[in-house]
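Given next are the chains, with one letter for each unit.
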Amino acid sequence: MTGNLLGHLVRFARELRRAGVLVTPDQAATFAQALEYVPLSDREAFRLAARSTMVCRQEDLSTFDQVFERFFGPGEGWPPAEDRPFPGEPPQLLQRPAVAQAPLITPSGEGKESARPLGDRTLTYSALEVLRQKRFEECSEEELEALKRLILEFAWASPERRSRRLRPTRHWERPDLRRTLRRTLRQGGEWIELAWREPKTKPRPLVALADISGSMERYVRVIVLFLYALAQSRYQPVEAFVFASRLSRITPFLRRREPEAALLELGRRVVDWAGGTRIGPALHAFNQGWAKRVLGRGAIVLLISDGWDQGDPALLAREMERLQKSCYRLIWLNPLLGIPGYQPLTRGLLAALPFADDFLPLHNLASLEALAHYLERLPPRRSARRPGALAFP
Amino acid sequence: MSGERPAEASPLLVAIAGAGQAGSLPSPGCAIMETMAVGRLPRDGFASPEEVAGALREQGYIAERGLAVAIFLALKLQRPLFLEGQPGVGKTEVARALAGSLGSRLIRLQCYEGLDLASTVYEWDYARQMLEVRLLEATGERDRSRLRREIFSPEFLLKRPLLQALEMSDGRPPVLLIDELDRADEEFEAFLLEVLGDWQITIPELGTIRAEVPPVAVLTSNRTREIHDALKRRCLYFWIDYPSFDKEYRIVRARVPRAPERLARQVVAFVQELRNVDLYKAPGVAETLDWAAALLALDRTELTAATVEETLGALLKYQDDLHRARQELEQGLLERALARPEAR
């Protein structure tokens, strides 16, 4: 292979990276190796070889195809002349990515938080108590800032599930012949005692589906912070989605180092902030596209919504049923549940609630803490679940 | 990098020479299949992706060009092949057909959660070892290190798929199929990453065992969980999509040869149309083949509304999907399918 072509490949890999397909130098090198076996004159074979060596995710395949077409140009004139740049090759190095448009969520504060103190020193005990009980939508900007610190500092402990992997134990569970034999040999062949193994526990996956439609607007910031805190804590793995009229996966944004950066990115990428609520179709999209991928291993699903659904209640009920059947526990968190005298009587809620395992409030810090305790206490093994039997709190 | 390989295989297992019968015992969680066809082509005998596709076609597997290129490169570069796609699009079948056309042994490791060293790499035959301890005692053996040496000899080693995959048979490396990797847990994935890198396994009591020629590794995933990128980057990646009409028709003809041409066309047209319906689980190629075989067993030569209604269960496995499909049938799904130009 000529040095010139290698240069093209390096630039092509860079173009891919710029388009969001992460190509490691190792992968680019594998492609270069592959070219020893694929005739350069065959454009399609060249493309397929690049595809199988440089892409390792289905989501990236269409981006790859676009970048390839742009970079290497149309099929005529293939194979390319040695010294001619490809049509799509950028004339100079390093173009800066387009400046992001104005975010829909404006971050409050200066955005760069220095090391936080462990306890919140600005609040006295009684002020903290007041804040814990205060409804999110009634908080002032300063109180929201304080809330933010408290939520981010919260220690989330994960509920556990029994995995099928075994570890040594002293309890009489399952005999561990390997260790038993070793002990026997150590005792010069004398059978003294049996060794045992028991199932290991692992953190249970958590999947959050948050409603960001118009009626939920007042809670969205706190909810996103809460999801961010979850994703950043040792509680792993967390998957998060938001929906109004359609569903968007926001897990990647929650991995940003700064919560404000996560919020900004979210504001840019999610298109239907404060749109109308259609829970049924959103759940349908989740059940079709994501359930199989993220609900394995007994996940807990948190559905955060006030239940003001404008869609077909029958569809909502059907999708709720499917969702409940494919997860370990389906927990509906409703901000309105904290209002004294609130009755969950909307059509959507009436249709959906029979399929929720729990119906809990999420309106102030105290309710978040209660949720954390509740999650922590969920049993490691599946408890008996009676479909359609939900006691209203 | 040269694709040359030694023509004659020397014994592969450095540490375990002549490991006795123990290794051939069946083990739980894995199935070892010997392929029947004797391949004419050695592993590196393919000169182009087209030859790979041709060899697979002889085994009854229709591969599109992209897959043929990925397989061809996996063989040439000695890298594992990573196949993803919806259930039933023929991922596992690739390994089977490949083993057939290479004339290699197929070793299959079916993944599940909690897969451990004992069921994937090796296990000592504890029952026999314990018996041996007793026997040695009876002969008055008291030297502990001798006892250890006797007990942990290759004779008592049970070889599981990954260890077996390091051995050649008839001078050819086997095809190692690691099926449904998404069902295994992260611990196994991490271990696999190491094995796929250098094809060597260390057994503390015996030493390190290395494959002289790496096996042809095929990994599949249904994406019930994301596999870590580090592992996928080490492989040649290919996403198997639902096939086009043309490809699926050729698959049906190759796999259900007794099905009349007209029926085969109608079956494929209907399945292709059905995949456009918003279903929870769209039918895969495996379901198409099942359905064609079912229709054949019922002696049907063409699709009618009644026939489709009777046999829909071969295609759709969810109650909701059956319900949905019946609604679509009422709105002319079958007629639309039969009106397609390819169906005639």
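Fair warning: this is a prediction, and the values are worked out from it, not measured in the lab.

**Structural notes on the overall build of chain A**
- Counting secondary structure elements, chain A contains 14 helices and nine strands.
- The proportion of buried residues among the 393 residues of chain A is 34%.
- Here the analysis covers contacts within chain A between residues at least 6 apart in sequence; of these, 76% occur between residues at least 24 apart.

**Topic: the overall build of chain B**
- A count of helices and strands for chain B gives 15 helices and 10 strands.
- Residues counted as buried form 42% of the 344 residues belonging to chain B.
- For chain B, the proportion of contacts with a sequence separation of at least 24, taken over those separated by at least 6, is 81%.

**What to know about the domain arrangement of chain A**
- Its domain assignment divides chain A into domain 1 (3–72), domain 2 (163–203) and domain 3 (206–376).
- Look at where the C-alpha atoms of domain 2 of chain A and domain 3 of chain A centre, and you get two points 43 Å apart.

**Here we look at unusual backbone geometry**
Residues and elements named next belong to chain B.
- One non-glycine residue, glutamine 78, lies in the positive phi region at around 55°.
- Within the secondary structure layout, glutamine 78 lies in the loop between α2 (65–77) and β2 (81–85).
- A residue is classified by how many C-beta atoms lie within 10 Å of it, and glutamine 78, with 19 of them, is partly exposed.
- Backbone geometry at glutamate 180 places phi at a positive 55°, although glycine is not the residue there.
- Mapped onto the fold, glutamate 180 is located in the loop between β6 (175–179) and α8 (186–198).

**A closer look at helix α10 (residues 245–255) of chain B**
All names here are of chain B.
- Turning to α10, its buried residues are Glu248, Tyr249, Ile251 and Val252. Relative to the axis of α10, the buried residues are bounded by an arc of 160° and lie together on one face.
- Where α10 is buried, its residues contact α11 (261–274) and α12 (285–297).

**A short note on the confidence of the model for chain A**
Residue and element names in this part refer to chain A.
- Residues with a pLDDT of 70 or more make up 81% of chain A, whose mean pLDDT is 79.
- Segment residues 90–121: pLDDT under 50, and 24 contacts once partners within four positions in sequence are set aside and those in other chains are kept.
- Across residues 386–393, confidence stays below pLDDT 50; counting only partners more than four residues off in sequence or on other chains, it has seven contacts.

**So, the sheet that holds strand β7 (residues 300–304) of chain A**
Residue and element names in this part refer to chain A.
- One open sheet holds the six strands; their spatial order is β6-β5-β4-β7-β8-β9, and the pairing between them is mixed. Whereas interior strands pair on both sides, the edge strands pair on one side only; in this sheet they are β6 (247–249) and β9 (358–361). Each neighbouring strand pair of the sheet contributes to a mean axis angle of 20°, computed without reference to strand direction.
- Pairing of strand β4 (residues 206–211) with strand β5 (residues 238–243) involves six bridges; the strand directions are parallel. Each bridged residue has a counterpart across the sheet, and for valine 207 the counterpart in β5 is glutamate 239.

**A closer look at the confidence of the model for chain B**
Residue and element names in this part refer to chain B.
- Per-residue confidence for chain B averages 85 on the pLDDT scale, and 87% of its residues sit at or above 70.
- At the level of individual helices and strands, chain B shows its lowest average pLDDT in strand β1 (residues 30–33), which scores 37, and its highest in β6, which scores 97.
- Segment residues 1–43 is flagged for pLDDT under 50; beyond a separation of four residues in sequence, or across chains, it makes 84 contacts in the model.
- Across the interface, the model reports ipTM at 0.78; the global pTM reads 0.79.

**Some details on the nonpolar core**
- By size, the foremost hydrophobic cluster in this structure holds 116 residues, and its most contacted members are A:Ala49, B:Ile71, B:Leu81, B:Leu98, B:Val175 and B:Val218.
- For this core, the element with the most residues is α2(B), which contributes nine residues.
- If we skip the residues at most four places from it in the chain, B:Leu98 touches B:Leu56, B:Ile71, B:Val175, B:Val216 and B:Val218.
- Counting residues in each nonpolar core, the second largest holds 69 residues, with A:Ala240, A:Val270, A:Leu295 and A:Ile331 among its members.

**Brief notes about the sheet that holds strand β1 (residues 160–169) of chain A**
All names here are of chain A.
- Strands sit in the order β1-β3-β2 across an open sheet of three strands; the sheet is antiparallel. In this open sheet, the two edge strands, each paired with only one partner strand, are β1 and β2 (174–175).
- In this sheet, strand β3 (residues 196–203) lies alongside β1 in antiparallel orientation, the contact comprising seven bridges. Paired with arginine 167 across the two strands is glutamate 198, which belongs to β3.

**Some points on the packing of helix α1 (residues 49–58) of chain B against α2(B)**
Residues and elements named next belong to chain B.
- At a minimum axis distance of 8 Å, the contact between α1 and α2 shows a crossing angle of 105°. If you check the angle between α1 and α2, you find them roughly perpendicular. Residues Pro49, Glu50, Val52 and Ala53 of α1 pack against Arg65, Ala68, Val69, Ile71 and Phe72 of α2.
- Residue composition of the contact of α1 with α2, by class: seven nonpolar, no polar and two charged.

**Overview of the interface of chain B and chain A**
- Each partner contributes to the interface: chain B provides 39 residues, whereas chain A provides 32 residues.
- Listed by contribution, the elements that provide at least two residues to the side of chain B that touches chain A are α2, α5 (126–138), α6 (144–151), α9 (229–233) and β10 (236–240) of chain B.
- When residues of the side of chain B that touches chain A are assigned to their parent elements, the largest contribution, eight residues, is made by α2(B).
- In terms of residue class, the side of chain B that touches chain A is made up of 18 nonpolar, four polar and 17 charged.

**Observations regarding the packing of α10(B) against α12(B)**
Residue and element names in this part refer to chain B.
- Where α10 meets α12, the axes come as close as 10 Å, and the angle between the chain directions of the two elements is 50°. Classified by the angle between their axes, α10 and α12 sit oblique to one another. When you trace α10 past α12, the crossing you get is right-handed. Mapping the contact onto sequence places Glu248, Ile251, Val252 and Arg255 in α10 and Val285, Thr288, Leu289 and Ala292 in α12.
- Its residues placed into classes, the contact of α10 with α12 shows five nonpolar, one polar and two charged.

**Overview of the pairing of β5(A)**
All names here are of chain A.
- Counting buried positions along β5 gives six out of six residues, so the element sits mostly inside the fold.
- Alternating positions in β5 separate into two faces, Val238, Ala240 and Val242 on one and Glu239, Phe241 and Phe243 on the other, with burial throughout.
- Note: β5 against β6, three bridges, orientation antiparallel. Counted as the bridge partner of valine 242 is serine 248 from β6.
- What sits between the antiparallel neighbours β5 and β6 is a turn of three residues.

**Side note on the domain arrangement of chain B**
Residues and elements named next belong to chain B.
- When cut into domains, chain B gives domain 1 (22–240) and domain 2 (245–343).
- Placing the centre of domain 1 and that of domain 2 at their C-alpha centroids yields a distance of 36 Å.
- In this assembly, eight residues from domain 1 lie in contact with nine residues from domain 2.
- Of the residues belonging to the side of domain 1 that touches domain 2, the class tally is three nonpolar, four polar and one charged.

**Digging into the environment of A:Thr201**
Residues and elements named next belong to chain A.
- Counting through the fold element by element, threonine 201 comes out in strand β3.
- Distance from threonine 201 to glutamate 160, taken between C-alpha atoms, is 5.9 Å for residues 41 residues apart in sequence.
- Other than its neighbours up to four places away in sequence, threonine 201 contacts Glu160, Arg161, Arg162, Ser163 and Pro380.

Cut-offs and rules
Residues numbered from 1 in each chain as written. Chains lettered and ligands numbered in written order. Predicted model: local features only at pLDDT ≥ 70, side-chain atom pairs only at ≥ 80, totals over all residues. Helix = DSSP H or I, 4+ residues; strand = E, 2+ residues; numbered from the N terminus. Buried ≥ 20, exposed ≤ 12 C-beta atoms within 10 Å, placed from the backbone. Contact = placed C-beta atoms within 7 Å. Domains from an automatic or database assignment. Arc of directions from axis to C-beta. pLDDT = per-residue confidence, 0-100. Pairing = 2+ DSSP bridges. Axes fitted to C-alpha atoms, helices over the stretch in contact; angles between N-to-C directions. Core = buried A, V, L, I, M, F, W, Y, C linked by C-beta atoms within 7 Å. Parallel < 35°, antiparallel > 145°, perpendicular 65-115°, else oblique. Nonpolar A, V, L, I, M, F, W, Y, C, P; charged D, E, K, R; others polar. Left-handed = near helix turned anticlockwise from the far one by under 90°.

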